[in-house]
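Overview (structure and organization)
Here are the chains, one letter per residue:
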Amino acid sequence: MKVSLRALRYLVAAAEARNITEAARGLNVSQPSVSAAIAQIEDDYGVQVFIRHHARGVTVTSAGQALVKNARLLLNHARDFDEGAVSLVEDPK
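Residues numbered from 1 in each chain as written. Predicted model: local features only at pLDDT ≥ 70, side-chain atom pairs only at ≥ 80, totals over all residues. Heavy atoms only, no water.

1. Looking at the nonpolar core
- Judged by nonpolar contacts, the single largest core of 24 residues is most densely connected at Leu11 and Phe50.
- Counting residues per element, the ones that place at least two in this core are α1 (5-17), α2 (20-27), α3 (31-45), β2 (57-60) and α4 (62-90).
- Of all the elements, α1 adds the most residues to this core, at eight residues.
- Setting aside anything within four residues of it in sequence, one finds Leu11 in contact with Ile38, Ile41, Val49, Phe50, Leu67, Val68 and Ala71. (Core = buried A, V, L, I, M, F, W, Y, C linked by side-chain atoms within 4.5 Å. Buried < 20%, exposed > 50% of the residue type's maximum accessible area, 1.4 Å probe, protein only. Helix = DSSP H or I, 4+ residues; strand = E, 2+ residues; numbered from the N terminus. Contact = heavy atoms within 4.5 Å.)

Next comes the structure, spelled out in structure tokens:
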């Protein structure tokens, strides 16, 4: 697997905020961390996720929209997995 769940969280947050700095602020991480994660995703998969508008945020490309959609699905599955694992400990059978 080339990408981490953390990087996918950063990607989704940036897409939702339409601004990398705002995404970083909402995630309580540094802006360079979010930028680096997005750049790594773009490099690993050879796709431009965002069009960057200097000092005015980002626009998600059509390819980026597909990646963000799939990232959300994967993050939801990971959350469900985590909740299921926790419930096994809380309610052993």
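2. Let's talk about the side chain of Thr61
- Mapped onto the secondary structure, Thr61 falls in the loop between β2 and α4.
- Overall, the relative accessible area of 14% leaves Thr61 in the buried class.

3. Digging into the packing of α1 against α3
- Here α1 crosses α3 at 105 degrees, and the two axes come no closer than 9 Å. When the axes of α1 and α3 are compared, the pair comes out roughly perpendicular. Facing Ala7, Tyr10, Leu11 and Ala14 of α1, the residues of α3 in contact are Ser33, Val34, Ala37, Ile38 and Ile41.
- Of the residues contributing to the contact of α1 with α3, the split by class is eight nonpolar, one polar and no charged. (Axes fitted to C-alpha atoms, helices over the stretch in contact; angles between N-to-C directions. Parallel < 35°, antiparallel > 145°, perpendicular 65-115°, else oblique. Nonpolar A, V, L, I, M, F, W, Y, C, P; charged D, E, K, R; others polar.)

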